[in-house]
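Listed below are the residues making up each chain.
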Amino acid sequence: MSLKIREVAMPRSQYAVKCPYEMTPTRIVIHNTAGKASAANEIAYMQSNANQVSFHFAVDEEEAVLGSPLNRNCWHSGDGATGKGNREGIAIEICRSATGGELFARAEENGAELAAILLHERGWGIDRVTKHQDYSGKYCPHRTLDLGWDRFLGMVQGKLDVLETTSGAPVDGNVPHEWAKEAFDWSISAGILKGSSAEHPDYRLNDGVTREEMIVFLRRAVVWILGTLGLWKGGDQS
């Protein structure tokens, strides 16, 4: 798979209208644009107007364009200011749905690939892929629904399977790759990593690392090395 993904930064002046809230994504929301424009043009129009309508990605037959930060919400699901779709969903607009035919087929396949990439990066399963209709009842993504929603989910799952096979990444995002597992096991036994996942309490692979956490990790590593050499004179090793 070789989908081209690029970013066109949302102007800071538009944050208050287009993406006002910080967001920790929990799902993907699929849309069709109901238009004929390219991904680049859809993003340009979305960023330039004053409407409280926005989305993260637009994808066409050539590329996917990110137009709003993935750590900010967008207004796309029709479920209000506090709705799960609007406040927790990564919005993917699949272009060319008013054109149909081969152009839309290619755009939709790229949309499925983009969804698979996002799932893979986060260790999510296919259950995280939702549609606009789930939140507001609107018949969207209209052409994808006409062709069959389960068919689209099958496309996403197939591409996700390829990603997981070729990368060696397990389905569970809290389980490390084989090439990293030994290092993770050592860091846990040494007390450097102390996680909190209910499924695998020692990993938390998808979590970010703050500067405070990094300093703690470094200190634990130094304490472990000095302790192993019999040189540590401090207190506890937490």
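Residues numbered from 1 in each chain as written. Predicted model: local features only at pLDDT ≥ 70, side-chain atom pairs only at ≥ 80, totals over all residues. Heavy atoms only, no water.

Observations regarding the overall build of the protein chain
Move 1: On a plain count of helices and strands, the protein chain comes out with nine helices and six strands.
Move 2: Burial statistics for the protein chain: of 238 residues in total, 44% are counted as buried.
Move 3: In the protein chain, 68% of the contacts between residues at least 6 apart in sequence involve partners at least 24 apart.
Move 4: By element, 54% of the accessible surface of the protein chain is carried by carbon and sulfur atoms, the whole surface being about 12300 Å². (Helix = DSSP H or I, 4+ residues; strand = E, 2+ residues; numbered from the N terminus. Buried < 20%, exposed > 50% of the residue type's maximum accessible area, 1.4 Å probe, protein only. Contact = heavy atoms within 4.5 Å. Areas by Shrake-Rupley, 256 points an atom, 1.4 Å probe, with all protein chains shown as cover.)

Considerations on the pattern of salt bridges
Move 1: What the rule picks out here adds up to 10 salt bridges.
Move 2: With a closest N to O distance of 3.5 Å, Arg27 and Glu88 form a salt bridge. On the criterion of sequence distance, the pair formed by Arg27 in strand S2 (residues 27-32) and Glu88 in helix H3 (residues 84-88) is long-range, its members being 61 residues apart. Exposure class is identical for Arg27 and Glu88. Each is buried.
Move 3: The closest approach of N and O atoms between Arg151 and Glu108, which form a salt bridge, is 2.8 Å. Here Glu108 lies in helix H4 (residues 101-122) and Arg151 lies in helix H7 (residues 149-167), a separation of 43 residues in the sequence.
Move 4: For Arg151, a relative accessible area of 31% corresponds to the partly exposed category.
Move 5: The exposure class of Glu108 is buried, given its relative accessible area of 3%.
Move 6: Through salt bridges with shared partners, a single network forms among Lys4, Arg6 and Glu63. (Salt bridge = Lys/Arg side-chain N within 4 Å of Asp/Glu carboxyl O.)

Notes on helix H2 (residues 39-48)
Move 1: Buried within H2 are the following residues: Ala39, Glu42, Ile43, Met46 and Gln47. With its buried residues spanning 125° around the axis, H2 presents them on a single face. Away from its buried face, by an angle of more than 90 degrees, H2 presents the exposed residues Tyr45 and Ser48.
Move 2: Packing partners of the buried residues in H2 comprise helix H1 (15-18), strand S3 (57-59) and strand S4 (63-66). (Arc of directions from axis to C-beta.)

Comments concerning the sheet that holds strand S6 (residues 129-131)
Move 1: On the basis of which strands lie adjacent, the open sheet formed by six strands has the order S1-S4-S3-S5-S2-S6 and mixed pairing. Only two strands of the sheet have a single neighbouring strand rather than two, namely strand S1 (4-7) and S6. Each strand axis lies, on average, 25° off the axis of its neighbour in the sheet, ignoring direction.
Move 2: Pairing analysis gives four bridges linking S1 to S4, with the strands arranged parallel. The residue bridging Glu7 from the neighbouring strand is Leu66, located in S4.
Move 3: Sheet strands in contact with H4 are S1, S2, S3, S4, strand S5 (89-94) and S6, and its direction is about 160° off that of S5. (Pairing = 2+ DSSP bridges. Axes fitted to C-alpha atoms, helices over the stretch in contact; angles between N-to-C directions.)

Some words on the environment of Ala81
Move 1: Tracing the backbone through its elements, the reader meets Ala81 in the loop between S4 and H3.
Move 2: For the pair Ala81 and Tyr21, spaced 60 residues apart in sequence, the C-alpha separation works out to 9.9 Å.
Move 3: Ala81 has contacts with Trp75 and Arg87, leaving out every residue within four places of it along the chain.

Here we look at the packing of aromatic side chains
One pair of aromatic rings is described through two measures. These are the centre distance and the angle between the planes.
Move 1: Counted under the stated rule, the structure contains three aromatic pairs.
Move 2: Their ring planes at 85° and their centres at 5.1 Å tell us that Trp186 and Trp224 sit as a pair that is edge-to-face. One end of the pair, Trp186, is in helix H8 (residues 178-189); the other, Trp224, is in helix H9 (residues 211-228), with 38 residues separating them in the sequence.
Move 3: The ring centre of Phe104 lies 6.0 Å from the NZ or CZ of Arg143, which sits over that ring. (Phe/Tyr/Trp six-rings, centres within 6.5 Å; stacked < 30°, edge-to-face > 60°. Lys NZ or Arg CZ within 6 Å of the ring centre and 35° of its normal.)

So, unusual backbone geometry
Move 1: With an omega of 10°, the peptide bond between Cys140 and Pro141 qualifies as cis.
Move 2: With a phi angle near 60°, Ala34 is a residue other than glycine that sits in the positive phi range.
Move 3: Inspection of the secondary structure puts Ala34 in the loop between S2 and H2.
Move 4: The phi torsion at Arg96 lies on the positive side, around 70°, for a residue other than glycine.
Move 5: With respect to the helices, strands and loops of the structure, Arg96 is situated in the loop between S5 and H4.
Move 6: A relative accessible area of 13% places Arg96 in the buried class.

Regarding the pairing of S5
Move 1: Of all six residues that make up S5, six are buried, and the element is covered over most of its length.
Move 2: Side chains Gly89, Ala91 and Glu93 project from S5 onto one buried face, and the interleaved Ile90, Ile92 and Ile94 project onto a second face that is buried too.
Move 3: Here S2 pairs with S5 via six bridges, running parallel. Counted as the bridge partner of Val29 is Ala91 from S5.

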